[in-house]
Amino acid sequence: MQNYHMLADYNAWANRLVYAAAAELSEEELHRDTGAFFGSIFATLSHLITADRIWLNRFTGEGPKPKALDERPYDNFADLRAARLEDDQRIIRYVRGLTPERIEANFAYTPVSSSEVVEQKLWPALTHVFNHQTHHRGQVHAGLTSLGKPSLSLDLIYFVRSEGKAYC
């Protein structure tokens, strides 16, 4: 359980750093295609919140339920950033409420891309949520550096050595 607590805290920390860096961009830079899967930094950050909301809804049956992976639930960066902060806290609360039994239990969901019902244990899906965040944050990081912005230190171990000392 402690590993998931750490990943939820790390996820929120890394998102704060990425959003702080993105807040320094002009509107044009924020929406410029930087070669990431979803194109721009704004679109990639939108995808991340959309995907998190899809998974949180699958896990809890609560909250927004986006219909497509490329939805843009917000038109502006300030609203997207505020929602990211709220959703990171939702993730933390959800993870803190899990038990070892629940982590090992099966759950069922329907993917956005098909009507096939998938049943699996919770823990691989929850691990995917954090891995997915890391993957796309890396794309945002690459976009930031391609725009000439400073590189961010987003390594998990850096989090543990700074704000995550409780996990040492």
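This is a predicted model, so every value here is computed, not measured. (Residues numbered from 1 in each chain as written. Predicted model: local features only at pLDDT ≥ 70, side-chain atom pairs only at ≥ 80, totals over all residues. Heavy atoms only, no water.)

Asker: Sorry, what's going on with the overall build of the protein here?
Answerer: In terms of helices and strands, the protein carries 7 helices and 4 strands. Starting at the N terminus, the α and β elements of the protein follow one another as α-α-β-β-α-α-α-β-β-α-α. On C-alpha atoms alone, the protein measures out to a radius of gyration of 16 Å, which is about the 15 Å that the 2.2 N^0.38 rule sets for 168 residues. If you line up the protein on its principal axes, its C-alpha atoms span 45 × 40 × 25 Å. Looking at the protein as a whole, 48% of its 168 residues qualify as buried. For the protein, restricting intrachain contacts to residue pairs at least 6 apart in sequence, the fraction spanning at least 24 positions comes to 70%. A total accessible area of about 8,600 Å² is found for the protein, and carbon and sulfur atoms account for 52% of it. With 18 positive and 21 negative side-chain charges, the protein shows a spacing of 4 Å between the two charge centroids. (Helix = DSSP H or I, 4+ residues; strand = E, 2+ residues; numbered from the N terminus. Rg over C-alpha atoms; globule rule 2.2 N^0.38 Å. Buried < 20%, exposed > 50% of the residue type's maximum accessible area, 1.4 Å probe, protein only. Contact = heavy atoms within 4.5 Å. Areas by Shrake-Rupley, 256 points an atom, 1.4 Å probe, with all protein chains shown as cover. Lys, Arg positive; Asp, Glu negative; His and termini not counted. Charge placed at Lys NZ, Arg CZ, Asp CG, Glu CD.)

Asker: I tried to follow the environment of Gly143 on my own but got confused; where do I start?
Answerer: The residue Gly143 is located in helix H6 (residues 122–146) in this model. Looking at Gly143, the relative accessible area reads 1%, which means it is buried. Gly143 has contacts with Thr34 and Ile41, leaving out every residue within four places of it along the chain.

Asker: Just to check I follow, could you spell out the confidence of the model for the protein for this structure?
Answerer: Low pLDDT means the predicted coordinates in that region are not meant to be read closely. Put simply, the protein has an average pLDDT of 96, and 100% of its residues get 70 or more. Here strand E1 (residues 33–36) is the element of the protein with the lowest mean pLDDT, 94, and helix H4 (residues 77–96) is the one with the highest, 98. (pLDDT = per-residue confidence, 0-100.)

Asker: How should helix H3 (residues 41–60) be read in this particular structure?
Answerer: For an α-helix, the turn length of 3.6 residues means that residues three or four places apart are oriented alike. In this model, H3 (20 residues) spans 28 Å end to end at C-alpha, consistent with the 28 Å of a helix rising 1.5 Å per residue. Of all the 20 residues making up H3, 19 are buried; the element is thus mostly covered by neighbouring parts of the structure. Sitting at the amino-terminal end of H3 is Ser40, which places a side-chain oxygen 3.4 Å from the backbone nitrogen of Phe42. Downstream of H3 by a residue or two, Gly61 has a phi angle that is positive, lying close to 75 degrees. (Expected span 1.5 Å × (residues − 1). Polar contact = N/O pair within 3.5 Å; in protein donor to acceptor, adjacent residues only side chain to side chain.)

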